[in-house]
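Residue-level structural notes
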Amino acid sequence: MTSDEQIIKMKKAITQAIKVMGDRFGSTEADVERAIDELKASTLTVPSALAQPPQSSAAVTAVA
């Protein structure tokens, strides 16, 4: 999944969660559960650019 696809997926999940939370009388428990599941799923897949650990530089030692 590309980072753009991941961002789109996260935006969609967040929008759905906000909608469900804002309509507490019109939303069912299933709606809330589904929104929570989508939010969790959207955060589990980390784009490869963000998943890579930072490259460490080699330690430089001075010789006296």
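Values in this document were obtained by computation on a predicted structure and should not be read as measured data.

1. Comments concerning the overall build of the protein
Along its length, the protein carries three helices and zero strands. Secondary structure elements of the protein occur, N-terminal to C-terminal, as α-α-α. Expressed as a percentage of its 64 residues, the buried residues of the protein come to 14%. Accessible surface for the protein amounts to roughly 5,600 Å². Of this, 61% is attributable to carbon and sulfur atoms.

2. Some points on the environment of E33
The residue E33 is located in helix α2 (residues 29-44) in this model. Each C-alpha atom of the pair E33 and A17 lies 9.6 Å from the other, and the pair is 16 residues apart in sequence.

3. Examining the side chain of S27
With respect to the helices, strands and loops of the structure, S27 is situated in the loop between α1 (3-22) and α2. With relative accessibility at 17%, the residue S27 sits in the buried group. At a separation of 3.2 Å, a polar atom in the side chain of S27 contacts the main-chain carbonyl oxygen of V20.

4. Concerning the pattern of salt bridges
Under the definition given, this model contains one salt bridge. The partner of R34 in a salt bridge is D31, and the shortest N-O contact between them spans 2.6 Å. Here the residue R34 and the residue D31 both occupy positions in helix α2, the gap between them amounting to three residues, near one helical turn. Accessibility expressed as a relative area gives 43% for R34, which makes it partly exposed.

The rules behind these values
- Residues numbered from 1 in each chain as written.
- Predicted model: local features only at pLDDT ≥ 70, side-chain atom pairs only at ≥ 80, totals over all residues.
- Heavy atoms only, no water.
- Helix = DSSP H or I, 4+ residues; strand = E, 2+ residues; numbered from the N terminus.
- Buried < 20%, exposed > 50% of the residue type's maximum accessible area, 1.4 Å probe, protein only.
- Areas by Shrake-Rupley, 256 points an atom, 1.4 Å probe, with all protein chains shown as cover.
- Polar contact = N/O pair within 3.5 Å; in protein donor to acceptor, adjacent residues only side chain to side chain.
- Salt bridge = Lys/Arg side-chain N within 4 Å of Asp/Glu carboxyl O.

Shape is all these values report; function is a separate question.
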